[in-house]
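# Breakdown of the fold
Residue strings, one per chain:
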Amino acid sequence: MKYVLVTGGVVSGLGKGVTASSIGVLLKACGLRVTSIKIDPYLNIDAGTMSPFEHGEVFVLDDGGEVDLDLGNYERFLNIKLTRDNNITTGKIFQSVLEKERRGDYLGKTVQVVPHITDAIQDWIERVALIPVDGKDGPADVCVIELGGTIGDIESMPFIEALGQFSYRVGAGNFCLIHVSLVPVLNVVGEQKTKPTQHSVRGLRGLGLTPNILACRSTTVLEENVKLKLSQFCHVPGENIFTLYDVSNIWHIPLLLKVYLIEPDNVLYHEELSFICYRVLVRFFFWKQDQKAHEAILKVLNLSVTKKPALKEWTSLAELSDKLHKPVRIAMVGKYTGLSDSYLSVLKALLHASVARHKKLVVEWVPACDLEDASAHEKPEAYKAAWNLLKGADGVLVPGGFGDRGVKGKILAAKYARENRVPFLGICLGMQIAVIEFTRSVLGLKDSNSTEFDPDTENPCVIFMPEGSKTHMGGTMRLGSRRTYFQIPDSVTSKLYGNQSYIDERHRHRYEVNPEMVPSLEKAGLSFTGKDETGQRMEIIELPNHPYFIGVQFHPEFKSRPGEPSAVFLGLIAAATGELEAVLQDNSTRKMPSTNHHANGNGTVKYHHQNGGAHRGNGVQNGIYTNGNGVHL
Ligand code: GLN
C-alpha cells in the first residue's frame, strides 16, 4: 500500500478536499486503484450531531456513517463507496483507546497520547486503507489521506505526530506528503507572495513532517521566479511544485494537475502591449504547459506506471459544463440558505442532472422563513423577493432538514408548486412537508402536522419511528442504505429508475409518514409509489395528475455522480425544462448497465458537446450560477 498525505497550510478553505480528490482522480486515471481517508481532528465521534450551519452538510454513507462532506467529494470524484471508518475523528480514536483502557488491555501502563493515541491512529489508517471501496476484491494501490484543519492547529497535533511516525513506519518510497498552501496575490500589479507558504512549510518541518510536493493555490498561474523561490526556501524540487489557480469549475482541477494553461500575462511583459491587445491575447491564446503532477507523485511513491492518465471523460465534462448557456432555474427552499455547503450534495446532484440535460444550473436560494405570512409584515422586502424568486423558478426543491424553523414557508412552497403545476422535488423533510400540505389542503385536516413540529396534533400525518431514540441524538436515526420497492410499475419514478423492481438509496430520518393515514391520502389522490420491504414505511410519493410532483424519504443526492446523475434529480431538471417525456422515453428504450455503481441500475447519461459560446456572468461559481450565496468547491 502506498500513502499520499494531503495537509493544508496558511488558511482553511483552500479546497484541500477537492485537491486531494483530484489527485485521486489523476492517479486512478493512470490505472491505479485509489481509496481515501479523511481525518477530522475534532472531538465529536462523527459529523452526525454537528450543525450544517457551522460545518456544512452531514454526508451519509451506505453503512449509515454520518461523515464529513469531503467524503462526498471522494465518492463523487473517484466513484467509490466509503465506510464510516474512512472518516477518522479525534472522538473515534479517543473512544477506542478509552474502551481498551477500561477493558484493561494496557496492562497497568500509563495511557498517553504518545504512544497510545498515536499508535491507535496508525493502526486505524493501516486497517482502513485495506478495505476495498471500488467494488473489486483486494485492497487499493494508493490511499489518499487528507488531514483536516491547518498545520499548527492544537487539535491536529496527535495526528501530525502519528503521521510523522507513520511515514517512518511505512518507509521512504511508500509515503508522499503533499502540502496545499496559499500564494496570495497582492495589489493590482499582482505580485505573488511566497512568505505564508514558507512559514507553513517551516511549521510542518518543525513538527517532523517533510513535504515532498507543494500544491499552491493562487488566483493566477504560479510565476517561474515564485516557483524557484519556493523551491529554494522550502527545499522542494521545482517539478514538485504544482500551480493550482482558480478555474471555472472543479472538474478542471484533475486536468489542471496534468496540464495547465498560461495566459500571455505570464510569458510576455504585458507593459509592452496595449491593454486591448493584451485582453485579446488573454481571450484567444493560451499556452499549454505540462504540469504532470502524477509523474512527480509516482516518482516519490516509487511507482513506475507507464500509462498516460486517461482523462477524456473529465475533459468533456469540464468543457461541456463551461459551455452551457440555456438556464434552468431551481428554487431551493431551505433553512440554511446562507451557507451553500449545508446542501452541498443536493447542489452537486442538481448540477450533475443539469449538465446531463445540457442546461446551465441557476440556483435561486429562497429562505423558507421569508415566504411565511408573518414576514409580509415584519420584512416586506424580503417577503416580496422570496416570492418573486419562487415564482420565477422552473422547478422547486425542498431539501431535508430538522426542526420547525421555516416549516410554514416550506409548506407554502409545496402548495404553490402543487397548485400551479410547477415541477417539485421534496427530499426527506421535503417529502414530509408535501404530505403535511396535502393532508391540510386536500383532506381538509387543517391542524394536521408532523409530531416533530406539533407533538399534540390530533391528526399526525408524519410520526416518530418506533425504532428511534428520543434521548440520544448521535447515530440513532434510520441511517444508511435501505431498499425501496416500487409499487406501481409505470409510475414516473419507477420509469426514471429504469423500471427496476427496487432501488437502494441512503436514509437519515427519525420521522415517517403515518401508515394509518395512507389509505385516506391515497383515496384523495396521493400515490405512494415506493415502500420499504414491510409495505408499512412510505418511501416515495407522487401526484399522478401533476407534471412532476415527487417526494422521497431517502436522500438520492448522496449517490449522484458526475456523468451519472440521480434519477429523481434528472426528472426534476427534465420536467423543469419541459423534457420529461423525452427522458422517460429514452429510459424505456435504453438498456440499463448492470455494472452501474448504483445497485439499482440507474442509467448512465452520456455527455455530448453542444455548440454555444462560453458564457460567464456575475455569480458564477464552479459552474453553478446562484443568486449571491457562495458555492463551495
Ligand atoms: N426531520 C425529519 C426526520 O427526522 C427529516 C430528516 C431529514 O430531512 N433528513 O424524519
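Structure first, text after, so check above.
A brief structural summary. Note that the structure is predicted; figures quoted are calculated from it, not measured.

## What about the overall build of the protein chain?
Within the protein chain one finds 21 helices and 27 strands. Across the 633 residues in the protein chain, those meeting the buried criterion constitute 57%. Here the contacts in the protein chain between residues at least 6 apart in sequence split such that 74% fall between residues at least 24 apart. Taken as a whole, the protein chain presents about 26,300 Å² of accessible surface, with 52% of it coming from carbon and sulfur.

## What about the nonpolar core?
In terms of nonpolar packing, the biggest core is built from 95 residues, with Val4, Ile297, Leu350, Leu397 and Phe569 touching the most fellow members. At nine residues, the largest contribution of residues to this core is made by helix H20 (residues 567-576). Not counting chain neighbours up to four residues away, the residues in contact with Val4 comprise Leu27, Val142, Cys143, Val144, Ile145, Cys176, Ile178, Ile297 and Leu301. Residues Ala386, Ala417, Ile433 and Ile436 belong to the second largest nonpolar core, which totals 41 residues.

## What about the packing of aromatic side chains?
Summed over the entire model, instances satisfying the criterion amount to ten aromatic pairs. Their ring planes at 70° and their centres at 4.8 Å tell us that Phe59 and Phe558 sit as a pair that is edge-to-face. Here the residue Phe59 occupies a position in strand E3 (residues 59-60), and Phe558 occupies one in the loop between strand E25 (549-552) and H20, the gap between them amounting to 499 residues. Seen in terms of ring centroids, Phe77 and Trp314 are 5.0 Å apart; in terms of plane orientation they differ by 55°. Their pairing is tilted. Highlighted residues: Phe77 in helix H3 (residues 70-78) and Trp314 in helix H12 (residues 312-323), separated in sequence by 237 residues. Pair check on accessibility: Phe77 and Trp314 agree, each one buried.

## Considerations on the site of the ligand
As a structural note, the neighbourhood of the ligand is formed by Gly400, Gly401, Phe402, Cys428, Leu429, Gln432, Glu452, Arg508, His509, Arg510, Tyr511 and His555. Gln432 places a side-chain nitrogen or oxygen 3.1 Å from an oxygen atom of the ligand. Backbone polar atom of Arg510 to an oxygen atom of the ligand: 2.9 Å apart, as the coordinates give it. Here the ligand, which alone exposes 300 Å², has 99% of that area covered by the protein.

## Examining the pattern of salt bridges
A complete count under the given rule lists 28 salt bridges for this structure. A salt bridge links Glu191 to Lys193, with the nearest nitrogen and oxygen atoms 3.4 Å apart. The class of Lys193 is partly exposed, set by a relative accessible area of 29%. A salt bridge links Glu579 to Lys359, with the nearest nitrogen and oxygen atoms 3.1 Å apart. Remark: Lys359 occurs in the loop between helix H13 (344-356) and strand E15 (360-367) and Glu579 occurs in the loop between H20 and helix H21 (580-589); sequence separation between them is 220 residues. A single salt-bridge network, built from bridges that share partners, covers Asp62, Glu75, Lys81, Arg506 and Arg561.

Calculation criteria
- Residues numbered from 1 in each chain as written.
- Predicted model: local features only at pLDDT ≥ 70, side-chain atom pairs only at ≥ 80, totals over all residues.
- Heavy atoms only, no water.
- Helix = DSSP H or I, 4+ residues; strand = E, 2+ residues; numbered from the N terminus.
- Buried < 20%, exposed > 50% of the residue type's maximum accessible area, 1.4 Å probe, protein only.
- Contact = heavy atoms within 4.5 Å.
- Areas by Shrake-Rupley, 256 points an atom, 1.4 Å probe, with all protein chains shown as cover.
- Core = buried A, V, L, I, M, F, W, Y, C linked by side-chain atoms within 4.5 Å.
- Phe/Tyr/Trp six-rings, centres within 6.5 Å; stacked < 30°, edge-to-face > 60°.
- Near = heavy atom within 4 Å.
- Polar contact = N/O pair within 3.5 Å; in protein donor to acceptor, adjacent residues only side chain to side chain.
- Salt bridge = Lys/Arg side-chain N within 4 Å of Asp/Glu carboxyl O.

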